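A look at the structure
Chain by chain, the residues:
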Amino acid sequence: MTKKSCCKWRRRKESRPTEIIDAALDLFVANGFSATRLDDVAHKAGVCKGTVYLYFESKEALFREVVKQIIIPEVEKAEQAAAKFVGPQRELLKRLIVNWWEVVGKTRLAGIPKLMVSEAANFPELAEFYLDNVVCRARNLVTRGISDGIANGEFKPCDPVATSRLLLAPLVFAVIWDKSLAAYDKESYDVDEYIRLHTTIFFDGLVAKK
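Since this is a predicted model, take the numbers as computed values, not measurements.

Cut-off values and rules
- Residues numbered from 1 in each chain as written.
- Predicted model: local features only at pLDDT ≥ 70, side-chain atom pairs only at ≥ 80, totals over all residues.
- Heavy atoms only, no water.
- Core = buried A, V, L, I, M, F, W, Y, C linked by side-chain atoms within 4.5 Å.
- Buried < 20%, exposed > 50% of the residue type's maximum accessible area, 1.4 Å probe, protein only.
- Helix = DSSP H or I, 4+ residues; strand = E, 2+ residues; numbered from the N terminus.
- Contact = heavy atoms within 4.5 Å.
- Phe/Tyr/Trp six-rings, centres within 6.5 Å; stacked < 30°, edge-to-face > 60°.
- Lys NZ or Arg CZ within 6 Å of the ring centre and 35° of its normal.
- pLDDT = per-residue confidence, 0-100.

Structural notes on the nonpolar core
With 32 residues, the main nonpolar core has Ile20, Leu62, Phe63 and Val67 as its most contacted residues. Elements that contribute at least two residues to this core include exactly helix H1 (3-31), helix H2 (38-45), helix H4 (59-84), helix H6 (111-119) and helix H7 (124-151). What phenylalanine 63 contacts, discounting residues up to four positions off in sequence, is Phe28, Phe33, Ile112, Leu115, Met116 and Leu126. In terms of nonpolar packing, the next biggest core, distinct from the first, is built from 22 residues, Ala78, Leu93, Leu141 and Leu171 among them.

This is the structure in structure tokens:
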């Protein structure tokens, strides 16, 4: 083996976990967790099934790694952006909502919420993992923004936890709808306008009267 081909082989080997994770995400979104086979993941990634097992001991472990490598970093970016933000909490929360839609709602990641809702009961450990590491962290971020807005007099007194759920619920609905009944709905709608209208009405109702 020449030095050039050896380096190429080494780079290929080092990139395999990422290629497997990327292929798994595509198949989980397209087929769901139950219907996705490691054989299919291996084929899509261009490796043999045994290679998948070199890096991931099970399909459940592979799913966790998909979440860790692709979804959790987006949550961390949002947390970091919120920590650095200076200004009205309404503006912060609107930015977080719009950004979430751009990086999740408009991408292949939008298939993961539907997967978790539809298959959580069959895979409770994965559901708990996703809830703890993605859903709760995102919801807590929004809850803190609402709590801070109440504390500084920007928002009306309310239950921050319940209010954060109200703010996020239409987004979850939108991604699940898009991956399920939207294909059969004769009346399409502009999702960007839906998000804009939701945040406008929501914050107009939440803002404290001066």
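Details of the packing of aromatic side chains
All told, the structure shown has 10 aromatic pairs when counted by the stated rule. With a centroid separation of 5.4 Å and 70° between ring planes, the pair formed by phenylalanine 28 and phenylalanine 63 is classed as edge-to-face. A residue pair is termed long-range when its members are at least 10 positions apart, and phenylalanine 28 in helix H1 and phenylalanine 63 in helix H4 qualify at 35 residues. Just as phenylalanine 28 is buried, phenylalanine 63 falls in that class too. Plain terms: the ring middles of tyrosine 189 and tyrosine 194 are 5.3 Å apart, the flat faces sit at 70° to each other, and that makes the pair edge-to-face. Taking the relative accessible area as the measure of exposure, tyrosine 189 reaches 34% and is therefore partly exposed. Taken together, the ring pairs in this structure connect Phe28, Phe33, Phe63 and Phe123 into an aromatic cluster. Note that lysine 59 overlies the ring of phenylalanine 33, its terminal NZ or CZ placed 4.5 Å from the centroid. Looking at arginine 64, its charged tip hangs above the ring of phenylalanine 129, at a distance of 5.8 Å from the centre.

Brief notes about the environment of arginine 16
Note on placement: arginine 16 falls in helix H1. Separated by 30 residues in sequence, arginine 16 and glycine 46 have C-alpha atoms that sit 9.2 Å apart.

Regarding the confidence of the model for the chain
When pLDDT is averaged along the chain, the result is 91; 92% of the residues meet or exceed 70. The element-level mean pLDDT for the chain is lowest in H1, coming to 74, with H7 highest at 97. Contacts from residues 1-11, a stretch scored under 50 in pLDDT, to residues over four places away or in other chains number 2 contacts.

Some details on the environment of proline 17
With respect to the helices, strands and loops of the structure, proline 17 is situated in helix H1. According to the relative accessible area criterion, proline 17 is partly exposed, its value standing at 22%. Taking C-alpha positions, proline 17 is 13 Å from arginine 64, a pair spaced 47 residues apart along the chain. For proline 17, the contacting residues outside a window of four places in its chain are Tyr55 and Phe56.

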